[in-house]
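Geometric and topological summary
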Amino acid sequence: KLVSVICALAFAALVYGWMRWRGESALVTIVVVALTLFNPLVFEYATSAFSEMAYACFSILALWLIERFSRVEQATWRDAVMASLAAAFVVYIRTFGITLVLAGIVYLWLRRDRRKAWMFSALALLWVAPWFVRGLTLPGDVGGYSQQFMLKSMEQPELGMIGWGDLILRVILNFRAY
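Keep in mind the model is a prediction, meaning the values are calculated, not measured. (Residues numbered from 1 in each chain as written. Predicted model: local features only at pLDDT ≥ 70, side-chain atom pairs only at ≥ 80, totals over all residues. Heavy atoms only, no water.)

What about the nonpolar core?
Here is a general trend for soluble globular proteins: nonpolar side chains tend to be buried in one another's company. Rules: Among buried residues, those of type Ala, Val, Leu, Ile, Met, Phe, Trp, Tyr and Cys that are joined through side-chain atoms within 4.5 Å constitute a nonpolar core. Relative accessible area decides the class of each residue, using a 1.4 Å probe on protein chains only: under 20% of the type maximum gives buried, over 50% gives exposed, and in between gives partly exposed. Put simply, DSSP marks the helices as runs of H or I at least four residues long and the strands as runs of E at least two long, and each gets a number from the N terminus on. Two residues qualify as a contact provided that any one of their heavy atoms is within 4.5 Å of a heavy atom in the partner residue.
Counting 23 residues, the largest nonpolar core has Ala 62, Ile 66, Phe 69, Ala 83, Ala 87, Val 101 and Phe 120 as the members making the most contacts within it. Mapped onto this core, the elements with two or more residues apiece are helix H4 (52–71), helix H5 (77–93), helix H6 (98–110) and helix H7 (114–137). Counting residues per element, this core draws most heavily on H5, at seven residues. For Ile 66, the contacting residues outside a window of four places in its chain are Ala 83, Ala 87, Leu 100, Gly 104, Tyr 107 and Phe 120. Core analysis: the second largest hydrophobic core is formed by 16 residues, Leu 14, Trp 18, Cys 57 and Ile 60 among them.

Let's talk about the packing of H4 against H6
Rule in force here: Convention adopted: a line fitted to C-alpha atoms gives each axis, helices being fitted over their contacting stretch, and angles between N-to-C directions are expressed from 0 to 180 degrees. Orientation categories follow fixed angle ranges, with anything under 35 degrees roughly parallel, anything over 145 roughly antiparallel, 65 to 115 roughly perpendicular, and all other angles oblique. In this scheme the handedness of a crossing depends on how the near helix is turned from the far one: anticlockwise by less than a right angle means left-handed, clockwise means right-handed. Under this grouping Gly is polar, as are all residues other than the nonpolar Ala, Val, Leu, Ile, Met, Phe, Trp, Tyr, Cys and Pro and the charged Asp, Glu, Lys and Arg.
Running from N to C, H4 and H6 cross one another at 15 degrees; their axes reach a closest spacing of 11 Å. Relative to H6, the element H4 is oriented roughly parallel. Crossing hand, H4 versus H6: right-handed. Residues Ser 59, Ala 62, Leu 63, Ile 66, Glu 67, Phe 69 and Ser 70 of H4 touch H6, and the partners they reach there are Leu 100, Gly 104, Tyr 107 and Leu 108. For the contact of H4 with H6, the class distribution of residues is seven nonpolar, three polar and one charged.

A word on the packing of aromatic side chains
This is how it is decided: Two aromatic rings, drawn from Phe, Tyr or Trp (for Trp, its six-membered ring), form a pair once their centres lie within 6.5 Å of each other, and the interplanar angle then sorts them: stacked below 30 degrees, edge-to-face above 60, tilted otherwise. We call a charge positioned over a ring when the NZ of a Lys or the CZ of an Arg lies within 6 Å of the ring centre and within 35 degrees of the ring normal.
Enumeration over the complete set of coordinates arrives at four aromatic pairs. Geometrically, the ring pair formed by Trp 109 and Trp 118 is edge-to-face, given 5.3 Å between the ring centres and 80 degrees between the ring planes. Taking relative accessible area as the criterion, Trp 109 reaches 32% and is therefore assigned partly exposed. Trp 118 gets classed as exposed once you look at its relative accessible area, which sits at 56%. Its guanidinium or amino end placed over the ring of Tyr 55, Arg 94 lies 5.5 Å from that ring's centre, counting from NZ or CZ.

Just geometry here; none of it tells us what the structure is for.
Rendered as structure tokens:
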């Protein structure tokens, strides 16, 4: 639980740093950070042993470093390594983090700076490849994400799977929560 608390505090510090770096006023930034820290979901996850706060912390770090990398005049390999490693680390926390890596790749390509886009793409894919190769080489049927998603409770798989009605309810409740 201590790691979750540390990640929650780091998450708030990163939100503060990123917003100030982007030029937001101190008052607006402090209000956003306070609203973030006192959000009931953040408070709940910060005091649990789940990976939500680590995922949030490294996601914000990766987004900041990707944006910073996209804005530097003369991109260096160091900048590319930092941004791509942060994005890849999100994948290692949760495989779903691949969406952040892909979003970073698309973002850099849309900015039409081919050199930066190639640098980030090549490094990020290099960093995440071992995770996916490992997943492909695991013995037996360990179940994929979709199978885990359909469980009533990941912590208690013996409760069984959800049905279509439960899936619709889960989507509605998650939509309301966020």
